[in-house]
Amino acid sequence: MKKILIVEDEKSIAELERDYLEINGFEVEAAFSGDHGLQLALSGDFDLILLDVMLPIIDGFEICKRVRSVKDIPIILVTAKKEEIDKVRGLGLGADDYLVKPFSPNELVARVKAHLSRYERLMSRQKPESHELYIRGLTIDASSRRVFVNNKEVTFTTKEFDVLSFLAMHPNQVFSKDHLFERIWGFDSAGDVSTVTVHIRKIREKIEQDPSNPVYIETVWGAGYRFIDY
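This report concerns the structure included in the present document. Remember, predicted model here, so these are calculated numbers, not experimental data. (Residues numbered from 1 in each chain as written. Predicted model: local features only at pLDDT ≥ 70, side-chain atom pairs only at ≥ 80, totals over all residues. Heavy atoms only, no water.)

1. Considerations on the sheet that holds strand β1 (residues 3-7)
- Taken together, five strands build an open sheet; the order of strands is β2-β1-β3-β4-β5 and the sheet is parallel. Edge positions in the open sheet fall to β2 (27-31) and β5 (97-100), since each of these has one partner strand only. The sheet shows a mean angle of 20 degrees between the axes of neighbouring strands, taken without regard to direction.
- In the sheet, β1 pairs with β2 via five bridges, with the strands oriented parallel. By the bridge assignment for β2, Leu-5 is matched with Glu-29.
- Lying on the sheet, helix α2 (residues 34-43) is in contact with β1, β2 and β3 (48-52); it crosses β2 at an angle near 140 degrees.
- Sheet strands in contact with helix α3 (residues 60-68) are β1, β3 and β4 (75-79), and its direction is about 175 degrees off that of β4. (Pairing = 2+ DSSP bridges. Helix = DSSP H or I, 4+ residues; strand = E, 2+ residues; numbered from the N terminus. Axes fitted to C-alpha atoms, helices over the stretch in contact; angles between N-to-C directions. Contact = heavy atoms within 4.5 Å.)

Spelled out as structure tokens, the structure:
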């Protein structure tokens, strides 16, 4: 049974969300403050997090950022705000989806099922014996650190491979330049986030048929980059 964490300070909303998810066969745990939600998210074994943005003590954006730095599970943000900047910010911090209140419980359940299904497909696509990813003609072999485009090997530098494999292992998830720089190069590395842009450009030149119209790595303006997996 899949386990869902709800972090929502309005108990009536949390209980409604929990009721519908449990009816649909999910195990659900709820937290009603940001600090408790963060604690559960980091220590618990959850398959998906339903995360309200406006929370006491620690807001949803900060929770999303901290959880995403250590876990790859789906995160759906929930908020009453409709501003585009909040959506962009949430996706840039690593959220997988965004629901604006009020929404129908059926839509909530459908979104949860869709993201869990997508995450399961990603996990099953990775073969433990070879650690290979296959995405529409692109093959990434993590064990040998080799990349093939339509069965033809393409040479990658160490960091180019690290950026490509990280994005490919987190499909449809937006990562900011800052997040990528921190994850691939580390806080103490020389240089700045502009090197991320340079590496993305070089990767596109090697894997895209038309780098100006990429089908693998998409630029999400104002937020960052994401690997497209249809």
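Now that the structure is up, let's keep going.
2. Details of the packing of α2 against α3
- Running from N to C, α2 and α3 point in directions that differ by 15 degrees, and their axes come no closer than 10 Å. Taken as axis vectors, α2 and α3 run roughly parallel relative to one another. Where α2 crosses over α3, the handedness of that crossing is right-handed. Residues Gly-34, Leu-38, Ala-41 and Leu-42 of α2 pack against Ile-63, Arg-66 and Val-67 of α3.
- The class makeup of the residues in the contact of α2 with α3 is five nonpolar, one polar and one charged. (Parallel < 35°, antiparallel > 145°, perpendicular 65-115°, else oblique. Left-handed = near helix turned anticlockwise from the far one by under 90°. Nonpolar A, V, L, I, M, F, W, Y, C, P; charged D, E, K, R; others polar.)

3. Here we look at a negative patch on the surface
- The grouping of Glu-15, Asp-19, Glu-22 and Glu-27 at the surface amounts to a negative patch.
- Of the residues forming the negative patch, the biggest block, three residues, is contributed by helix α1 (residues 11-23).
- Relative to the elements of secondary structure, Glu-15 occurs in helix α1.
- A residue is classified by how much of its surface remains accessible, and Glu-15, at 39% relative accessible area, is partly exposed. (Patch = residues over 30% accessible without salt bridge, like charges linked within 9 Å, V, L, I, M, F, W, Y side chains within 5 Å. Areas by Shrake-Rupley, 256 points an atom, 1.4 Å probe, with all protein chains shown as cover. Salt bridge = Lys/Arg side-chain N within 4 Å of Asp/Glu carboxyl O. Lys, Arg positive; Asp, Glu negative; His and termini not counted. Charge placed at Lys NZ, Arg CZ, Asp CG, Glu CD. Buried < 20%, exposed > 50% of the residue type's maximum accessible area, 1.4 Å probe, protein only.)

4. As for the side chain of His-170
- One can find His-170 in the loop between α6 (158-168) and α7 (177-184).
- When its relative accessible area of 6% is taken as the criterion, His-170 is described as buried.
- Not counting chain neighbours up to four residues away, the residues in contact with His-170 comprise Asp-72 and Phe-175.

5. Observations regarding the pattern of salt bridges
- One pass over the full model with this rule turns up 14 salt bridges.
- With a closest N to O distance of 3.9 Å, Lys-101 and Glu-10 form a salt bridge. Here Lys-101 is found in the loop between β5 and α5 (105-125), whereas its partner Glu-10 is found in the loop between β1 and α1, with 91 residues between them in sequence.
- By relative accessible area, Lys-101 is classed as buried at 15%.
- On the accessibility criterion, Glu-10 (40% relative accessible area) is partly exposed.
- With its nearest N and O atoms 2.6 Å apart, the salt bridge here joins Lys-206 to Glu-160. With Lys-206 in helix α8 (residues 194-207) and Glu-160 in helix α6, this pair connects stretches of sequence that are 46 residues apart.
- With relative accessibility at 29%, the residue Lys-206 sits in the partly exposed group.
- Within the structure, one salt-bridge network assembled from shared partners comprises Glu-8, Glu-10, Asp-52 and Lys-101.

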